[in-house]
Amino acid sequence: MKTLDKIPTGKLERAGQLVKTGIKVGGNYVAYYGEKMVNPSLNRDKLNENNAEDIYDGLKNLKGSALKVAQMLSMDKSIMPQAYVDKFSLSQFSVPPLSAPLVRRTFKKYLGHYPETIFDTFTPDAMNAASIGQVHKATKDGKNYAVKIQYPGVSESISSDLALVKPFAIRMFNLKGKDSEKYFKEVEDKLLEETNYVLELKQSLEVSDWCQKIENLRFPKYYPELSSEKILTMEWIDGQHLSEFTAQNEDSDKSDKIGQALWDFYMYQMHHLKQVHADPHPGNFLIDADSNLVAIDFGCMKQVPEEFYVPYFELARPEIINNSELFVAKLYELEILRADDSEKELAYFTKIFHDLLSLFTKPFHGDFFDFSDEDFFGKIAQMGEEFSKDTQLRKMNGNRGSKHFLYINRTFFGLYNLLHDLGARIDTKSFEKYIK
């Protein structure tokens, strides 16, 4: 794979790259509509493939928050065309890495020595490369290490990248009013946290200690003395990324075992720790030779405040969903319904959130749930398609919900999709045994 000797870090340089990408996408649309005039039966599959290719090619060399957005979008299979999901999912652990000379310079800057003076061996080429950093394999005194190195300029470019994306996001999600800023601030804060490897080391040590009791779940050992604000060193664990495992696995017992560990891990965090690993994509999990789940990245942790946690999970209870008075009260608590809503907006948003939550909370309505259920995921995809085509929705104020929804909903969408890929059958109450 081609390596990078330089990453654009200046605002103008990065904006120019995005403009070039926009021109390519515009050209794809011109070509599509020209061909459609000749062939009216032409569908959008080829257009989606070309756009996904050009957008990904534009983002992969920018790294950072621009590529992180693509990674986040690849997790939402219910609303993204498959061409985008397939292409953007590469951003999880397979993008052009930094060249060996740039890696050495970065390592020297943040640990004070070149890698070959600290380790017995150090792979010059990255083993995995994602949106914010890349991983190299090293050895020292017979031990294997995974060394994650952050791309230069990533944290400095986050604010300017989001400023470029902001006008499109406002239009796409129909955000109105000055309070929409809270959503952008939430995203910016979390992305900045992900570039703080000192914080990630702290979170990794804490979560691995708190959750070590969960069966069939492993964590690497971390090495603070070999880490810094831009370098994070941990134990190397051999295994397949979760997506690689699901692509070839045919053993349903293994799927259930791994899926149960994944569910218990997330429910224990959510209900006991009141903070959660909010980046559940396949690149953040390995499956080892004994079919254990290995969690390897804790850069994105989301605190769950009590005032959000209580009404959020009360809305997962059928007795709340099916009681119109209690249901509406919870929607107000979570800022889904607003004091300045018109009667039309109140009726409209109450109905669509009732339909959405009645479906999406089904895994919490019993003691077991089968995430291989194609009917359940088909209905989620259908609902997402209906929302995307709803002209009435575009006319209304899209500012809906507490800022905490952004990462908590992302967590559950990602978790559901991972469990669906596994085809796992889950005991939804199993996590309770870990809570004293």
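All figures in this text were calculated on a predicted structure; none of them were measured in a lab. (Residues numbered from 1 in each chain as written. Predicted model: local features only at pLDDT ≥ 70, side-chain atom pairs only at ≥ 80, totals over all residues. Heavy atoms only, no water.)

Right, let's talk about the overall build of the chain for a bit. Helix and strand content of the chain: 18 helices and 13 strands. Partitioning the intrachain contacts of the chain with sequence separation of at least 6 by distance along the chain shows that 71% fall at a separation of at least 24. Per element, the accessible surface of the chain, about 20,400 Å² overall, is 55% carbon and sulfur. (Helix = DSSP H or I, 4+ residues; strand = E, 2+ residues; numbered from the N terminus. Contact = heavy atoms within 4.5 Å. Areas by Shrake-Rupley, 256 points an atom, 1.4 Å probe, with all protein chains shown as cover.)

To continue, consider the packing of helix H12 (residues 306-314) against helix H18 (residues 405-422). Running from amino to carboxyl end, H12 crosses H18 at an angle of 45 degrees, the nearest separation of the two axes being 12 Å. Classified by the angle their axes make, H12 and H18 are oblique. Of the two elements, H12 crosses H18, and the hand of that crossing is right-handed. In this structure, H12 uses Phe308, Tyr312 and Phe313 to contact H18, whose residues at the interface are Phe405, Ile408, Asn409 and Phe412. (Axes fitted to C-alpha atoms, helices over the stretch in contact; angles between N-to-C directions. Parallel < 35°, antiparallel > 145°, perpendicular 65-115°, else oblique. Left-handed = near helix turned anticlockwise from the far one by under 90°.)

Attention shifts here to the pattern of salt bridges. Any two side chains of opposite charge can pair, on the condition that their charged atoms come close. Scanning the entire structure with this criterion turns up 19 salt bridges. Here Glu116 ties to Arg104 by a salt bridge, and the two come within 2.5 Å at their closest N and O atoms. In this pair, Glu116 is assigned in helix H6 (residues 115-118) and Arg104 in helix H5 (residues 100-111), connecting sequence segments twelve residues apart. Overall, Glu116 belongs to the partly exposed group, its relative accessible area being 44%. Across the pair Lys302 and Glu186 runs a salt bridge, and its minimum N-O distance is 2.7 Å. Here the residue Lys302 occupies a position in strand E11 (residues 301-303), and Glu186 occupies one in helix H8 (residues 181-194), the gap between them amounting to 116 residues. For the pair Lys302 and Glu186, a shared accessibility class is recorded, and that class is buried. (Salt bridge = Lys/Arg side-chain N within 4 Å of Asp/Glu carboxyl O. Buried < 20%, exposed > 50% of the residue type's maximum accessible area, 1.4 Å probe, protein only.)

Quick look at the pairing of strand E3 (residues 133-140) now. Every other side chain in a regular strand lies on the same face of the sheet, so the side chains alternate between the two faces. Bridging between strand E1 (residues 121-122) and E3 involves two bridges; their strand directions are antiparallel. Note that in E3 the partner of Phe122 across the bridge is Ala138. Across two bridges, strand E2 (residues 128-129) lies against E3 in antiparallel orientation. What sits directly across from Asn128, in E3, is Val135. Between the antiparallel neighbours E2 and E3 lie three residues. In the sheet, E3 pairs with strand E4 (residues 143-150) via eight bridges, with the strands oriented antiparallel. Of the residues in E4, the one forming a bridge with Ala138 is Tyr145. (Pairing = 2+ DSSP bridges.)

For the pair helix H14 (residues 324-333) and helix H15 (residues 343-360), the least separation of the axes is 11 Å and the interaxial angle reads 100 degrees. Taken together, the axis directions place H14 and H15 in an arrangement best described as roughly perpendicular. Side by side, H14 and H15 meet where Phe327, Val328, Leu331 and Tyr332 of the first sit next to Leu346, Thr350, Phe353, His354 and Leu357 of the second. Counted by class, the contact of H14 with H15 contains seven nonpolar, two polar and no charged residues. (Nonpolar A, V, L, I, M, F, W, Y, C, P; charged D, E, K, R; others polar.)

In this section: the packing of aromatic side chains. Evaluated as defined, the whole model comprises 29 aromatic pairs. Considering the side-chain rings of Tyr312 and Phe405, the 5.7 Å spacing of their centres and the 55 degrees angle between planes classify their relative orientation as tilted. One end of the pair, Tyr312, is in helix H12; the other, Phe405, is in helix H18, with 93 residues separating them in the sequence. Look at Tyr312 and you get buried, because its relative accessible area is 13%. It is Lys108 that lies over the ring of Tyr114; its NZ or CZ is 5.7 Å from the centre. (Phe/Tyr/Trp six-rings, centres within 6.5 Å; stacked < 30°, edge-to-face > 60°. Lys NZ or Arg CZ within 6 Å of the ring centre and 35° of its normal.)

We now examine the side chain of Asn284. Inspection of the secondary structure assignment puts Asn284 in the loop between strand E8 (275-277) and strand E9 (285-287). When neighbours within four sequence positions are excluded, Asn284 is seen to be in contact with His277, Asp279, Val294, Ala295, Ile296 and Asp297.

Among the nonpolar cores identified, the biggest contains 90 residues, and Phe107, Phe119, Val147, Cys211, Phe265, Phe285 and Phe412 are the most heavily contacted of them. The element best represented in this core is helix H11 (residues 252-273), accounting for ten residues. Not counting residues within four places of it along the chain, the set of residues in contact with Phe412 comprises Met267, Met270, Tyr312, Phe313, Phe360 and Phe364. Within the second largest apolar cluster, seven residues are counted, among which are Ile158, Leu162, Leu191 and Ala278. (Core = buried A, V, L, I, M, F, W, Y, C linked by side-chain atoms within 4.5 Å.)

Moving on: the pairing of E4. Here E4 lies mainly inside the structure; six of its eight residues are buried. Here E3 folds back onto E4 in antiparallel fashion, the turn holding two residues, of which Asp141 has a positive phi close to 55 degrees.

With that out of the way, let us pick up H18. Across its 18 residues, H18 extends 25 Å between first and last C-alpha, which sits within 8% of the 26 Å expected from 1.5 Å per residue. Looking one or two places after H18, you find Gly423, whose phi comes out positive at around 65 degrees. (Expected span 1.5 Å × (residues − 1).)

With that settled, the discussion passes to H14. Buried within H14 we find Phe327, Lys330 and Leu331. Buried residues of H14, seen end-on, are gathered within an arc of 105 degrees and therefore sit on one face of the element. A distance of 3.2 Å separates the backbone nitrogen of Glu325 from a side-chain oxygen at the start of H14, and that oxygen is part of Asn323. In the segment just after H14, Glu335 is the residue with positive phi, at about 65 degrees. (Arc of directions from axis to C-beta. Polar contact = N/O pair within 3.5 Å; in protein donor to acceptor, adjacent residues only side chain to side chain.)

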